[in-house]
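Listed below are the residues making up each chain.
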Amino acid sequence: MFKKLDKLIIKSFIGPFMAVFFITLLVLVMQFFWLYIDDFVGKGLSAGIIFKFIWYQSAVLIPLALPLAVLLSSLMTFGNLGETFELVAIKSAGISLLRFMRPLFLLSIVISVLAFLFSNYVIPVANLKSYTILSDIVKAKPAFDLREGVFYDKIPNFAIKIGKKEENDSIIRDVIVFENDNGLQDNFIVAKSGVMRTSEDKRYLEFFLRDGWRYQERADRYGSNQTEYVRLGFKEYKKILDLSTFQISWTSDSSGSSNQRMLTMRQLTHSIDSLGIEYKRIQQQMGNDIYLYLPFMQTRDSIATWQKRRDSLGKKDTVLYASFDEYIPDSAAKPVYDRAISQVNSLRSGLEATAINLKERGKEWRKHKIEWHRKIVLSLACLVLFMIGAPLGAIIRKGGLGSPLIFSIVFFMVFYFTTTTGEKFAKEGALSPFAGMWLATFVLTPIGIFLTYKAMRDSQLFNKEFYSRIVRKLRKKE
């Protein structure tokens, strides 16, 4: 009997889970494209490059889509069973809700483990690939596009205007090619017609012009006002322009491999240890710099003892000043003072630079720790959100996509914004990386335990009739 119930609950869960997972993943990918749509349009990207980028970016977004899929599918599963009174029948047979939840609880653990392995071994590679492709696309120029009647100046040192293009775009009329060349004040070509085509490797634009003139005005290289003007008529003229700047230069994957999002947990642990050692080394170097610029700090214990002796004689607050006045001649006071000020300024500049370096090292250390915890937190979120979705579905007893979708969005937004807020505080140093990244888990786990407790006791927490009866009773008492 238990095996049949386990198969029933798993079959009821798998269908909604797969559907919600792929829909959520599609929405997340489309949202990402919406943010970068301006960088993709007009770059002449091939379908292969776009699909390759979608493939890697989809892999990156899987850890975020899994928790929502588990939450909504578990809520729908138990809501459907509650709406059809199957939960009531199961409880009447003496089977507890926890026992009925056990197969999906174990399945959620399996999903969490797989999500962790995926985040640790696949996501770093997918992050590296997608980041490299995206950065190359963003830095690339728009695709070459000549329009009728408009000067095109995206080719370095050239401006081109075409009066009219034929349907095949190769035959052109009323052509003007202006060249901005050092040493030439005016250098342009005017032609009545011609043929325009690109080379086979797309690196060059070739113009075969007919019936035109070439105008050149050369300035005197010695700076005088004399110029040389040349006008040359032609029947046929060939002009080649370099289009290599319009081709996307694909960067090697190794260029971004040092980013914390491209590292596994073992690599992150090694980097965290290295950053911690470097941080301590810089702190020690700061102390050494102080001793280097202020040698008297090495005898500060003796100075403190001497000051106490002076204080006992009633000469407080003027100890050091009195000592300088007593032992330094007036002729040497100003050079000593100037040298002291110079040393203090040098020390302050050095300490400020070291403090900035320490701040950056600490920020980098926190980023690596955040990424280390992220791999665990996002994986464990599948289990935490299942603990919310399953009992919540048993309480509301509504199937379909109505109420389950609303409750899922609410709790997922709580999870997402709590995680984002905690990560922000962790990056700024207001919270430790552990507290910041685990903040959502600390908030949602008690809610899941509370909902499970209520579901085991057939709570009417979300029943309208329950609250309506309470309101009617209160009105009667009044």
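The rules behind these values
- Residues numbered from 1 in each chain as written.
- Predicted model: local features only at pLDDT ≥ 70, side-chain atom pairs only at ≥ 80, totals over all residues.
- Heavy atoms only, no water.
- Helix = DSSP H or I, 4+ residues; strand = E, 2+ residues; numbered from the N terminus.
- Core = buried A, V, L, I, M, F, W, Y, C linked by side-chain atoms within 4.5 Å.
- Buried < 20%, exposed > 50% of the residue type's maximum accessible area, 1.4 Å probe, protein only.
- Contact = heavy atoms within 4.5 Å.
- pLDDT = per-residue confidence, 0-100.
- Axes fitted to C-alpha atoms, helices over the stretch in contact; angles between N-to-C directions.
- Left-handed = near helix turned anticlockwise from the far one by under 90°.
- Nonpolar A, V, L, I, M, F, W, Y, C, P; charged D, E, K, R; others polar.

A. Quick peek at unusual backbone geometry. The phi dihedral of Asp174 is positive, around 55 degrees, even though this residue is not glycine. Relative to the elements of secondary structure, Asp174 occurs in strand β2 (residues 171-179).

B. Region of the structure containing the nonpolar core. Counting 59 residues, the largest nonpolar core has Leu66, Phe78, Phe100 and Phe415 as its most contacted members. Breaking this core down by element, the ones donating at least two residues are α1 (2-35), α3 (47-83), α4 (86-92), α5 (97-121), α6 (123-139), α10 (330-396), α11 (403-428) and α13 (439-456). At 15 residues, α3 tops the list of elements feeding residues into this core. Beyond its immediate stretch of four places on either side in the chain, Phe100 contacts Leu5, Ile9, Phe78, Leu81, Leu87, Ile90 and Ile95. Counting 18 residues, the second largest nonpolar core, distinct from the first, contains Phe158, Val175, Leu209 and Phe234.

C. Inspection of the confidence of the model for the protein chain at higher detail. Counting all residues, the mean pLDDT for the protein chain is 78, and 75% of those residues have values of 70 or more. Here helix α9 (residues 319-327) stands out as the least confident element of the protein chain, with mean pLDDT 51; helix α12 (residues 433-437) is the most confident, with 92. Confidence drops under pLDDT 50 across residues 316-322; counting only partners more than four residues distant or on other chains, this segment forms 8 contacts.

D. Summary view of the packing of α3 against α11. Put simply, α3 and α11 touch, their axes get as near as 9 Å, and they point 145 degrees apart. Crossing of α3 over α11 shows right-handed handedness. Residue-level inspection shows Leu64, Pro67, Leu68, Leu71, Leu72, Leu75 and Met76 of α3 in contact with α11, the latter providing Pro404, Leu405, Phe407, Ser408, Phe411, Phe412 and Tyr416. For the contact of α3 with α11, a count of residues per class yields 13 nonpolar, 1 polar and no charged.

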